[in-house]
Amino acid sequence: MVHEHDHEHEHRHITIVDEDGNEQLCEVIYTFDSEEFGKSYVLYSLVGAEEDDEGQIEIFASAFSPSENGEDGELEPIETEAEWDLIEEVLNTLEDEFEDEEE
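Residues numbered from 1 in each chain as written. Predicted model: local features only at pLDDT ≥ 70, side-chain atom pairs only at ≥ 80, totals over all residues. Heavy atoms only, no water.

(A) Expanded view of the overall build of the protein. The number of helices and strands found in the protein is 1 helix and 6 strands. For the protein, buried positions account for 22% of its 103 residues. Counted over contacts in the protein with a minimum sequence separation of 6, partners at least 24 positions apart contribute 34%. Carbon and sulfur atoms make up 43% of the accessible area of the protein, which totals about 7,800 Å². (Helix = DSSP H or I, 4+ residues; strand = E, 2+ residues; numbered from the N terminus. Buried < 20%, exposed > 50% of the residue type's maximum accessible area, 1.4 Å probe, protein only. Contact = heavy atoms within 4.5 Å. Areas by Shrake-Rupley, 256 points an atom, 1.4 Å probe, with all protein chains shown as cover.)

As structure tokens, this is what we get:
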């Protein structure tokens, strides 16, 4: 089961640090919880990311552990193929919903 944490029309940002130690500002696209894995997940893209030839932007996904105050938290890598399958399923659902809204 997936629980949504998305707030319509409210842009939320996170700062990630890449493997070179550079900070990158990212826009949160969607967050959700998975009871199956007992984790929260965040889908995000780099602020200012350019679309590719097909009008797509690169979307990143991480597991998320909120801090006790609920403000900041730690991003963690996705560890299993089953988690990636869940994320892909959520992305496909979001894409379908977005396409329906445009019609």
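(B) Molecular detail of the packing of aromatic side chains. Tallied over the full model, the rule gives 3 aromatic pairs. Considering the side-chain rings of Tyr30 and Phe32, the 6.1 Å spacing of their centres and the 35° angle between planes classify their relative orientation as tilted. For the pair formed by Tyr30 and Phe32, the shared burial category is buried. Between Phe32 and Tyr41, the aromatic rings sit 5.4 Å apart at their centres with planes inclined by 25°, giving stacked as the arrangement. You can call Phe32 buried: its relative accessible area is 0%. Overall, Tyr41 belongs to the buried group, its relative accessible area being 1%. Put simply, the rings of Tyr30, Phe32 and Tyr41 pair up and form one aromatic cluster. (Phe/Tyr/Trp six-rings, centres within 6.5 Å; stacked < 30°, edge-to-face > 60°.)

(C) A look at the pattern of salt bridges. By the definition in use, this model includes 2 salt bridges. In this structure, Glu83 and Lys39 form a salt bridge, with 3.2 Å as the shortest nitrogen-oxygen distance. Here Glu83 is found in helix α1 (residues 81-102), whereas its partner Lys39 is found in strand β4 (residues 39-46), with 44 residues between them in sequence. Residue classification places Lys39 among the partly exposed residues on the basis of a relative accessible area of 24%. (Salt bridge = Lys/Arg side-chain N within 4 Å of Asp/Glu carboxyl O.)

(D) Fine view of a negative patch on the surface. Where like charges cluster on the molecular surface, the negative patch consists of Glu95, Asp96, Glu97, Glu99, Asp100 and Glu101. You can see Asp100 is positioned in helix α1. Here Asp100 falls in the exposed class, since its relative accessible area comes to 52%. (Patch = residues over 30% accessible without salt bridge, like charges linked within 9 Å, V, L, I, M, F, W, Y side chains within 5 Å. Lys, Arg positive; Asp, Glu negative; His and termini not counted. Charge placed at Lys NZ, Arg CZ, Asp CG, Glu CD.)

(E) Spatial organisation of the nonpolar core. Residues Tyr30, Phe32, Tyr41, Leu43, Ala61, Ala63, Ile78, Leu86, Ile87, Val90 and Leu94 constitute the largest nonpolar core, which totals 11 residues. At the level of secondary structure, the elements contributing two or more residues to this core comprise β3 (23-34), β4, β5 (60-66) and α1. Looking at which element gives the most residues to this core, the answer is α1, with 4 residues. If we skip the residues at most four places from it in the chain, Leu43 touches Glu27, Val28, Ile29, Tyr30, Phe32, Ile59, Phe60, Ala61, Ile87, Val90, Leu91 and Leu94. (Core = buried A, V, L, I, M, F, W, Y, C linked by side-chain atoms within 4.5 Å.)

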